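If you want the building blocks of each chain, they are given just below.
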Amino acid sequence: MLDDRQYRAQHACSKPNRGGSNSVTTRACPELMQPGRSMLGSEQERWLQAGLAQSPARWNILAQQTLMAQSSQVPVLRPGDERVWTDGWDGYPMARQQLLDTLQASRARNPLVLSGDVHTFYATELSRNAMRAASRSNPVLATEFCGTSVTSSSRPQARTAEYVAMNPHIKYGRSDKRGYMLLAITPEKTTVLFQGLDNVRDSASNVATLASFTVRDGKAGLQQG
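Residues numbered from 1 in each chain as written. Predicted model: local features only at pLDDT ≥ 70, side-chain atom pairs only at ≥ 80, totals over all residues. Heavy atoms only, no water.

1. Things to note about the overall build of the chain
Inference 1: Of regular secondary structure, the chain possesses three helices and eleven strands.
Inference 2: Ordered by position from the N terminus, the helices and strands of the chain form the series β-α-β-β-α-β-β-β-α-β-β-β-β-β.
Inference 3: Compactness check: the chain gives a C-alpha radius of gyration of 17 Å against a globular reference of 17 Å for 225 residues, within 12% of the reference.
Inference 4: Across its three principal directions, the C-alpha atoms of the chain cover 45 × 45 × 35 Å.
Inference 5: Within the chain, buried positions represent 48% of all 225 residues. (Helix = DSSP H or I, 4+ residues; strand = E, 2+ residues; numbered from the N terminus. Rg over C-alpha atoms; globule rule 2.2 N^0.38 Å. Buried < 20%, exposed > 50% of the residue type's maximum accessible area, 1.4 Å probe, protein only.)

As structure tokens, then:
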């Protein structure tokens, strides 16, 4: 279980006379790319690196607070065009790169990232270069599942569909339903169900599976259904 709130660097490119997060383009905010900007803090980074390097587990699950996958809010025609929210991992791209490098170097088996915070279901594939297709030189290093909020609202689904279309490593996004995730983990595979409530104002509301995904032992990446 990671803590990406207490030990991270301050938000990059905050608005004048106002702290907190912001949406910025990476070209207009060079502070984003400063290598010393940590999301976890150096002590936690060392702890994670040692744990992954020594892990005997078949499934290595990193639970943490917010979406790890890059999520540009606009189409990306060239590097620097990305418009990102600085409160999530997009606000700490070098720290995210370091974490992915640590995962790759550790050879820890079957890494899964469990996320939240953004009030949206997401299923993503994490690689070193998000905007390039997965390949031998740019392999999928981990699979990420992000759970939505249970009751708090989110953006319209049409906008989330645009995010998915603009970020090809995000394979699924659903923001018009509230709910939670269920994971069934066996030696051979992990199955993830995105569970959506019909009506959050009704304690007897029906719950239905919106989407299901499978990650198989030894093969990073998503299989839907």
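2. A few points about the sheet that holds strand E4 (residues 111-115)
Inference 1: Taken together, the five strands give an open sheet; going across it, the order is E2-E4-E6-E5-E7, and neighbouring strands pair in mixed fashion. The sheet terminates laterally at strand E2 (60-63) and strand E7 (170-174), the two strands that pair on one side only. Adjacent strand axes in the sheet meet at a mean angle of 15°, parallel and antiparallel pairs treated alike.
Inference 2: Taken together, the five bridges between strand E5 (residues 121-126) and strand E6 (residues 142-146) define a ladder with antiparallel strand orientation. Within the sheet, the bridge partner assigned to Leu 126 lies in E6 and is Ala 142. (Pairing = 2+ DSSP bridges. Axes fitted to C-alpha atoms, helices over the stretch in contact; angles between N-to-C directions.)

3. Side note on helix H3 (residues 157-166)
Inference 1: Buried within H3 are the following residues: Thr 160, Tyr 163, Val 164 and Met 166.
Inference 2: Looking at the buried positions of H3, the neighbouring elements they touch are E5 and E7. (Contact = heavy atoms within 4.5 Å.)

4. Things to note about the nonpolar core
Inference 1: Counting residues in hydrophobic clusters, the biggest one holds 19 residues, and the most contacted among them are Leu 48, Trp 89, Leu 99 and Leu 126.
Inference 2: Listing elements by their share of this core, those giving two or more residues are helix H1 (42-54) and helix H2 (93-106).
Inference 3: Broken down by element, the residue count for this core peaks at four residues, all from H2.
Inference 4: In this view, Leu 126 contacts Met 68, Ala 69, Leu 100, Val 113, Pro 139, Val 140, Leu 141, Ala 142 and Glu 144; residues no more than four positions away in its chain are not counted.
Inference 5: Among the nonpolar cores identified, the runner-up in size contains 13 residues, and Leu 112, Ala 123, Phe 145 and Leu 222 belong to it. (Core = buried A, V, L, I, M, F, W, Y, C linked by side-chain atoms within 4.5 Å.)

5. Focus: the packing of aromatic side chains
Each aromatic ring pair is summarised here by two numbers: the centre-to-centre distance and the angle between the ring planes.
Inference 1: Counting across every chain of the model gives six aromatic pairs.
Inference 2: Plain terms: the ring middles of Tyr 172 and Phe 213 are 5.5 Å apart, the flat faces sit at 70° to each other, and that makes the pair edge-to-face. A residue pair is termed long-range when its members are at least 10 positions apart, and Tyr 172 in strand E7 and Phe 213 in strand E10 (residues 207-216) qualify at 41 residues.
Inference 3: Accessibility expressed as a relative area gives 2% for Phe 213, which makes it buried.
Inference 4: Among the aromatic residues, ring-to-ring pairing joins Phe 121, Phe 145, Tyr 172, Phe 194 and Phe 213 into one connected group. (Phe/Tyr/Trp six-rings, centres within 6.5 Å; stacked < 30°, edge-to-face > 60°.)

In short, geometric facts, not functional conclusions.
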